[in-house]
Protein chains: 4
Amino acid sequence: MSSIYHGHLTVSIFGQSHAPAIGVTVDGLPAGEEVDLEELQAFLNRRAPGTGSWSTTRKEADRPEILAGLDKGRTCGAPLAAVIRNTNTRSKDYENLRDVPRPGHADYTAQVKYGGFQDVAGGGHFSGRLTAPLCIAGGICKQILARQGIYVGAHIAAVGTIADRAYDPVDLTQEDLLAPGRKPFPVLDDQAGLAMQRAIEVAKGELDSLGGVIQCAVLGLPAGLGDPMLDGMENRIARLVFAIPAVKGVDFGAGFAAAALRGSENNDAFYMDGSQVKTRTNHAGGILGGITNGMPLVFRVAVKPTPSIARPQKSVSLSRGENTILEIHGRHDPCIVPRAVPCVEAAAAIAVYDALLEQQERSRQP
Amino acid sequence: MSSIYHGHLTVSIFGQSHAPAIGVTVDGLPAGEEVDLEELQAFLNRRAPGTGSWSTTRKEADRPEILAGLDKGRTCGAPLAAVIRNTNTRSKDYENLRDVPRPGHADYTAQVKYGGFQDVAGGGHFSGRLTAPLCIAGGICKQILARQGIYVGAHIAAVGTIADRAYDPVDLTQEDLLAPGRKPFPVLDDQAGLAMQRAIEVAKGELDSLGGVIQCAVLGLPAGLGDPMLDGMENRIARLVFAIPAVKGVDFGAGFAAAALRGSENNDAFYMDGSQVKTRTNHAGGILGGITNGMPLVFRVAVKPTPSIARPQKSVSLSRGENTILEIHGRHDPCIVPRAVPCVEAAAAIAVYDALLEQQERSRQP
Amino acid sequence: MSSIYHGHLTVSIFGQSHAPAIGVTVDGLPAGEEVDLEELQAFLNRRAPGTGSWSTTRKEADRPEILAGLDKGRTCGAPLAAVIRNTNTRSKDYENLRDVPRPGHADYTAQVKYGGFQDVAGGGHFSGRLTAPLCIAGGICKQILARQGIYVGAHIAAVGTIADRAYDPVDLTQEDLLAPGRKPFPVLDDQAGLAMQRAIEVAKGELDSLGGVIQCAVLGLPAGLGDPMLDGMENRIARLVFAIPAVKGVDFGAGFAAAALRGSENNDAFYMDGSQVKTRTNHAGGILGGITNGMPLVFRVAVKPTPSIARPQKSVSLSRGENTILEIHGRHDPCIVPRAVPCVEAAAAIAVYDALLEQQERSRQP
Amino acid sequence: MSSIYHGHLTVSIFGQSHAPAIGVTVDGLPAGEEVDLEELQAFLNRRAPGTGSWSTTRKEADRPEILAGLDKGRTCGAPLAAVIRNTNTRSKDYENLRDVPRPGHADYTAQVKYGGFQDVAGGGHFSGRLTAPLCIAGGICKQILARQGIYVGAHIAAVGTIADRAYDPVDLTQEDLLAPGRKPFPVLDDQAGLAMQRAIEVAKGELDSLGGVIQCAVLGLPAGLGDPMLDGMENRIARLVFAIPAVKGVDFGAGFAAAALRGSENNDAFYMDGSQVKTRTNHAGGILGGITNGMPLVFRVAVKPTPSIARPQKSVSLSRGENTILEIHGRHDPCIVPRAVPCVEAAAAIAVYDALLEQQERSRQP
């Protein structure tokens with residue numbers, strides 16, 4: 001079940017970086033939902049490589065073809081299937097990596113798990129390219145959610161040690177939520193963004209790479225989505241964001257910072273705003289007991305620095321059983337964080353829409 | 001699917017805090033595995049309340065009865081089912097909370113989701129008591145893993161702002177791993193532990209509560225467990241630790257700190273240790289591409305401060321639609337972190353054993 | 001995943017015939033549904049042993065205790081768990097069967113699968129007793145369905161070569177549907193029922209047993225339930241009825257008889273009955289493309305003769321690797337068909353309610 | 001979850017008859033398994049239309065393209081994805097069917113379920129074409145099973161009222177098992193086959209269609225595959241064969257005929273054949289308690305007559321709410337049974353391989 005999210009929606013991702021194609025199937029979409037392919041393409045373009053100095057120079061159109069599941073531009077009840085052809089592949093770059101695994105990559109663990117039968121070209125199924133199908137599924141969910149007044153946005157919260165300002169967890173507006181996604185470098189504070197870009201260029205010049213943090217929020221959620229224990233919003237979102245290869249941590253609301261607060265500080269006091277129940281703070285990140293409380297759902301994701309760096313690195317030769325030095329050639333992002341922003345939105349959109357479908361299922365008043 | 005982990009093992013948790021019982025079923029255990037009930041009881045005792053000043057005074061034996069799945073002390077291939085009777089319940093403490101939700105609890109979100117039909121007594125299905133069945137399932141997995149040389153341990157990494165020293169992520173010994181679990185207050189550095197206990201007492205005296213961080217590690221794992229994308233070790237563990245009510249974050253290896261490192265710092269260089277492939281650092285937390293690499297699997301979990309505090313708090317009356325002040329009576333832990341330590345171990349043990357079963361399934365050499 | 005139905009409802013059955021208890025958990029029931037325990041008991045009594053000459057003389061109250069999932073008599077959103085204690089067990093009857101497997105039973109296959117660790121007493125997890133938890137889950141679904149005007153009924157269509165008349169697949173009334181379930185011997189035609197009972201007594205007198213066929217129908221179903229291909233109503237119902245140990249076949253509508261018809265005969269012509277679309281015949285059994293069409297859903301189930309017979313039978317000694325003769329002592333039903341009738345209803349009720357929940361999930365008009 | 005088989009293998013089918021493509025993903029295949037594409041094509045050709053008088057004249061190459069999951073001709077651990085382009089489509093044939101549903105088809109039920117948004121062209125996702133992806137998945141499983149000495153075969157047991165001889169359920173040879181699959185008209189007794197073909201031609205000449213029965217067997221299975229209750233071999237196979245659109249019944253071993261036998265006749269006596277446990281008869285169809293017993297696994301499937309017939313048929317106009325007469329034009333099989341034979345084999349192969357993977361998972365001796 002390596003690449004399947006199996007809930008009320010089933011999202012099944014396939015492909016290797018240099019296979020004929022990558023793609024996704026989405027089972028469980030209600031019939032009649034419009035899919036705006038131009039809007040989907042615009043969303044995919046946000047994760048496309050090659051649009052900034054921080055990015056690899058590999059250019060791929062990443063134009064999905066919808067093979068099934070649509071009729072006259074709307075979902076038809078049948079599973080949706082979409083593929084992206086892999087065209088700009090240079091497999092010779094990678095063959096020697098079968099013996100000498102790249103530090104920070106899955107080369108070694110895949111070698112052990114698959115007994116040498118894994119596809120190593122371009123990272124195979126472990127490639128960051130596999131987030132493109134995730135974005136197809138998530139982009140479609142985002143469109144359906146937006147028509148119900150639910151909006152998903154994200155921004156770069158930090159690159160290395162340089163921080164963007166955070167979303168306002170209480171009074172977040174739709175404009176603030178979505179503004180970063182419209183920029184080539186998705187931040188709230190463009191000055192911070194420029195500093196981040198400079199830091200990336202410096203790291204690149206030193207044949208190195210940077211990591212960062214992404215903050216994501218969902219606005220317009222009704223209270224009552226998600227389940228206790230194993231299908232809470234945290235569980236669902238965590239399961240999906242860790243599908244993004246470089247993600248190594250996730251926290252919700254105050255998250256790790258909450259661990260240092262006292263209960264009297266961390267508890268979000270309820271109050272009535274007209275007929276609506278709201279909280280004055282949002283350390284819970286909009287989730288109590290796994291279930292949305294109607295406040296903005298807010299979480300952060302830690303992204304490790306790109307493991308592919310051009311410096312010589314210490315590794316081993318698996319066939320000879322000895323230490324060796326590895327030099328990675330090819331094209332790589334010095335910082336994957338900007339391109340990971342729409343991927344995090346996609347993961348959140350799938351999780352949220354999955355919970356929304358579940359809520360409809362159980363909503364009959366007995 | 002609120003309370004089910006559905007992988008190669010299926011762990012299904014049921015119960016409410018003041019229902020006749022809480023319990024768990026575990027489907028998919030191989031036949032013939034011994035279950036040492038005394039060892040299981042000792043493990044459950046680690047999460048039992050009432051053993052320290054930081055804990056609630058509610059006393060429950062928490063003695064599980066195995067209803068099915070064992071024959072002559074061994075798994076028999078049929079689903080294992082275990083229950084713990086709820087005996088020490090005082091339901092009248094809770095009835096008025098149906099109208100006035102406690103900040104930081106699931107009272108409000110459950111009210112919306114279940115339309116007022118939820119069981120509110122003692123937090124119902126959202127109670128921390130539901131981690132006892134998680135510990136039954138996890139405790140059994142721990143025993144089976146230990147017989148295969150795989151050990152799971154955890155300790156309090158921080159209470160509030162007071163930190164324990166961390167596990168050595170590279171040279172962690174079995175002794176260091178398991179030592180905290182044998183202490184009433186599970187830390188590595190007992191001086192830090194004393195400081196933590198004092199801090200908890202201070203907070204308690206001020207009618208307040210503290211949160212903290214738990215660090216967990218798994219030793220002896222073979223390389224090759226876990227899957228890319230949606231069933232990686234991170235995804236599985238994250239899904240399970242967020243089943244523990246107060247958990248608000250999880251990160252693996254360097255985790256959020258990795259976001260501030262450069263690739264040249266964060267990449268773990270491979271080297272040969274005799275015939276074994278190892279890494280000199282372990283920022284990856286033993287996981288590359290979702291798959292174990294044979295190094296210690298290490299992760300941290302953020303635990304929020306107990307939301308139940310005796311101070312008056314601002315809330316709302318849902319029936320009257322107006323603001324009000326809430327005072328919570330009853331028995332509560334001023335810091336849940338010590339009792340959450342075995343729960344985190346249980347979550348890790350289930351995730352790891354699930355992945356181990358999967359590896360056996362796929363291991364036939366073609 | 002041996003004993004779990006995992007759909008929009010998750011029904012997880014546990015227990016062995018002579019373990020402390022048998023039971024079931026049901027996850028996914030909407031909150032607020034009333035559960036009438038007396039009605040449930042009455043339903044369970046229909047499968048209880050000891051009420052006729054065709055039945056084993058083992059007496060068990062089969063009184064379920066609801067451990068969780070109810071609050072004030074209604075579902076509360078948390079998983080429902082129920083157990084039945086095993087009280088009237090005589091384990092010594094079975095021990096010698098570990099070496100000499102009973103023909104027609106799972107003794108041999110369990111021995112191979114579980115390597116001798118299986119619980120053999122009373123058939124262990126393979127016992128017909130495990131249909132009692134199935135009936136608890138199904139009985140609850142039946143109650144919820146009935147409140148929505150959906151009724152499930154079944155009758156003995158045949159015992160050996162003696163047939164009852166069939167349900168009218170087109171004009172089936174609620175009275176005809178439910179009448180058999182109110183009788184001690186659930187048939188439509190009591191004359192046929194008497195003949196069946198005589199045949200069972202004859203077989204019993206000859207130390208033999210009889211099989212039969214059960215016909216089940218569901219009335220009041222809206223059109224549109226079920227899915228194409230792998231989650232059609234046929235797939236769901238088939239998966240559930242084969243959980244009943246003695247079931248060896250299932251067909252829908254004209255079923256196997258349809259294979260001998262021509263298309264012009266088998267096709268059910270549509271017509272308008274006022275504003276309702278109906279069909280003049282119902283060879284489809286109310287299902288087209290896996291989806292209900294609003295006509296009665298009708299299917300049949302083949303039940304093999306009870307394998308436990310008192311005659312000496314040829315078997316083998318697994319330990320000695322040689323042929324031997326086996327005599328089965330103990331208490332057994334000479335014909336399991338009457339007691340299997342409510343089990344088939346339970347299976348149908350779970351499948352139908354699962355599909356109904358799914359329909360609600362997808363029903364938002366975009 | 002309409003089109004997903006979710007077990008140890010996950011098989012996810014997508015496509016509509018006249019969409020750009022149909023296809024399948026298979027997740028969970030072990031790495032290193034060879035996939036012989038020519039052999040797969042030969043298998044797919046057995047279900048291809050246009051090779052006999054009993055078949056539609058629509059010609060499609062049905063050449064699958066493997067998009068992902070293979071490297072150097074072997075499975076690489078990543079999900080396998082394959083598509084078949086739809087090229088020979090004539091959508092205009094179908095548009096008027098949106099209002100006037102064809103008897104025996106899913107037009108009406110899909111209209112209700114999907115609110116008019118379903119893809120009607122060529123039957124959309126309900127088309128028999130969707131069995132081609134099932135055959136891709138099943139054909140790959142067949143190859144892997146054959147390398148382990150497990151063989152799956154099937155033949156036409158009956159067309160209308162004309163019967164082929166049955167497989168010998170006890171002494172079935174590999175030659176007998178596989179012979180029908182090598183013939184253009186897959187029967188054991190070619191004289192019966194000629195009679196069937198004549199009957200089909202007669203029915204076709206009378207603008208009518210015929211149904212039939214398919215018998216399938218699996219040879220070489222080890223004892224011990226499958227699980228009690230909900231994941232028995234019967235449950236798995238039933239769930240998969242009902243994915244084939246025209247299937248309306250399934251029974252195992254003696255099946256419905258067992259209902260008329262006595263226990264003393266139906267029980268299969270065990271005996272030792274050298275060191276092997278065998279049974280002298282095989283009324284159980286090789287399955288006891290859901291688990292294989294090492295004898296041939298044998299089952300039958302009922303196939304209804306093709307609902308598309310050229311005769312005028314009674315139907316309704318959904319828009320006008322009145323009765324009408326429908327004439328279906330286009331190309332249709334007068335008897336789908338011959339082409340369904342490999343589909344049944346595919347369903348069986350997936351179910352068996354799924355159970356085999358599960359057995360490996362649980363096989364560690366404690």
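Please refer to the structure higher up on the page.
Every value quoted in this text rests on a predicted model; they were computed, and no experiment measured them.

Engineer: Help me understand the interface of chain A and chain C in this model?
Structural biologist: Interfaces are often sized by the amount of accessible area the parts lose when they come together. Counting from both sides, the interface comprises 14 residues of chain A and, opposite them, 15 residues of chain C. Summing both partners gives a buried area of about 1,400 Å² for chain A against chain C, and 46% of it is carried by carbon and sulfur. Between the two partners, chain A and chain C, sit zero salt bridges.

Engineer: How do you make sense of the interface of chain C and chain D when you look at a structure like this?
Structural biologist: On the chain D side, the residues contacting the 104 residues of chain C number 102 residues. Summed over both sides, the interface of chain C with chain D buries roughly 8,100 Å², with 63% coming from carbon and sulfur. Of all residues in chain C, the largest losses of buried area upon contact with chain D belong to M229, L230 and K248 of chain C, amounting jointly to 11% of the total for that side. Run the count over chain C and chain D and you get 10 salt bridges. One salt bridge connects K113 of chain D with E358 of chain C, and the closest N-O pair in it is separated by 3.3 Å. At the boundary of chain C and chain D, one finds 39 residue pairs in polar contact (both at pLDDT 80 or more). Here the side of chain C that touches chain D takes six residues from strand β11 (residues 247–252) of chain C, the largest share from any one element. Inspection of the sheet shows β11 of chain C paired to strand β11 (residues 247–252) of chain D by three bridges, in the antiparallel sense. Paired with D251 of chain C across the strands is G249 of chain D, a residue of β11 of chain D.

Engineer: Looking at this structure, how should I read the relation of the copies chain C and chain D?
Structural biologist: Superposition of the two copies of the chain requires a rotation about an axis together with a shift along that axis. Under the fitted operation, chain C is carried onto chain D by 0.0 Å of movement along the axis and a turn of 180°, and the coordinates agree to an RMSD of 0.0 Å. Put plainly, the chains are arranged around a two-fold axis.

Engineer: What am I meant to see in the relation of the copies chain A and chain C here?
Structural biologist: Expressed as a screw operation, the relation of chain A to chain C combines 0.0 Å of axial shift with a rotation of 180°, fitting to an RMSD of 0.0 Å. When you check the interface residues of chain A against chain C, 100% turn up at the interface there too, and the contact is symmetric in its surfaces.

Engineer: I'm lost on the environment of A340 of chain C in this one. Help?
Structural biologist: Residue and element names in this part refer to chain C. On the secondary structure map, A340 appears in helix α8 (residues 337–362). A340 sits in the buried class, given a relative accessible area of 5%. Spatially, the C-alpha atoms of A340 and A246 are 8.8 Å apart, while their sequence positions differ by 94 residues.

Engineer: I would appreciate a short explanation of the pattern of salt bridges in the present structure.
Structural biologist: Where charged atoms of side chains with opposite charge meet at close range, the side chains can pair. Enumeration over the complete set of coordinates arrives at 102 salt bridges over all chains. The salt bridge partner of D208 of chain D is R262 of chain C, with a shortest N-O separation of 3.8 Å. Placement of D208 of chain D in the loop between α5 (190–205) and β10 (212–219) and of R262 of chain C in the loop between β11 and α7 (263–266) is noted, with the two residues assigned to different chains. Connected through salt bridges with shared partners, the residues K113 of chain A together with D227, R236, D354 and E358 of chain B form a single ionic network.

Engineer: Please explain unusual backbone geometry as it appears in this structure.
Structural biologist: Glycine aside, residues mostly have negative phi, and peptide bonds are mostly found in the trans state. In this model, M229 of chain B sits at a positive phi of 65°, which is unusual for a non-glycine residue. Note on placement: M229 of chain B falls in the loop between β10 (212–219) and α6 (233–241). Positive phi outside glycine occurs at K72 of chain D, with the angle close to 55°. With respect to the secondary-structure elements, K72 of chain D resides in the loop between β5 (70–71) and β6 (74–75). A relative accessible area of 62% places K72 of chain D in the exposed class.

Scoring rules and cut-offs
- Residues numbered from 1 in each chain as written.
- Chains lettered and ligands numbered in written order.
- Predicted model: local features only at pLDDT ≥ 70, side-chain atom pairs only at ≥ 80, totals over all residues.
- Heavy atoms only, no water.
- Contact = heavy atoms within 4.5 Å.
- Buried area = accessible area lost by both parts, 1.4 Å probe.
- Salt bridge = Lys/Arg side-chain N within 4 Å of Asp/Glu carboxyl O.
- Polar contact = N/O pair within 3.5 Å; in protein donor to acceptor, adjacent residues only side chain to side chain.
- Helix = DSSP H or I, 4+ residues; strand = E, 2+ residues; numbered from the N terminus.
- Pairing = 2+ DSSP bridges.
- Least-squares fit on C-alpha atoms with pLDDT ≥ 70 in both.
- Buried < 20%, exposed > 50% of the residue type's maximum accessible area, 1.4 Å probe, protein only.

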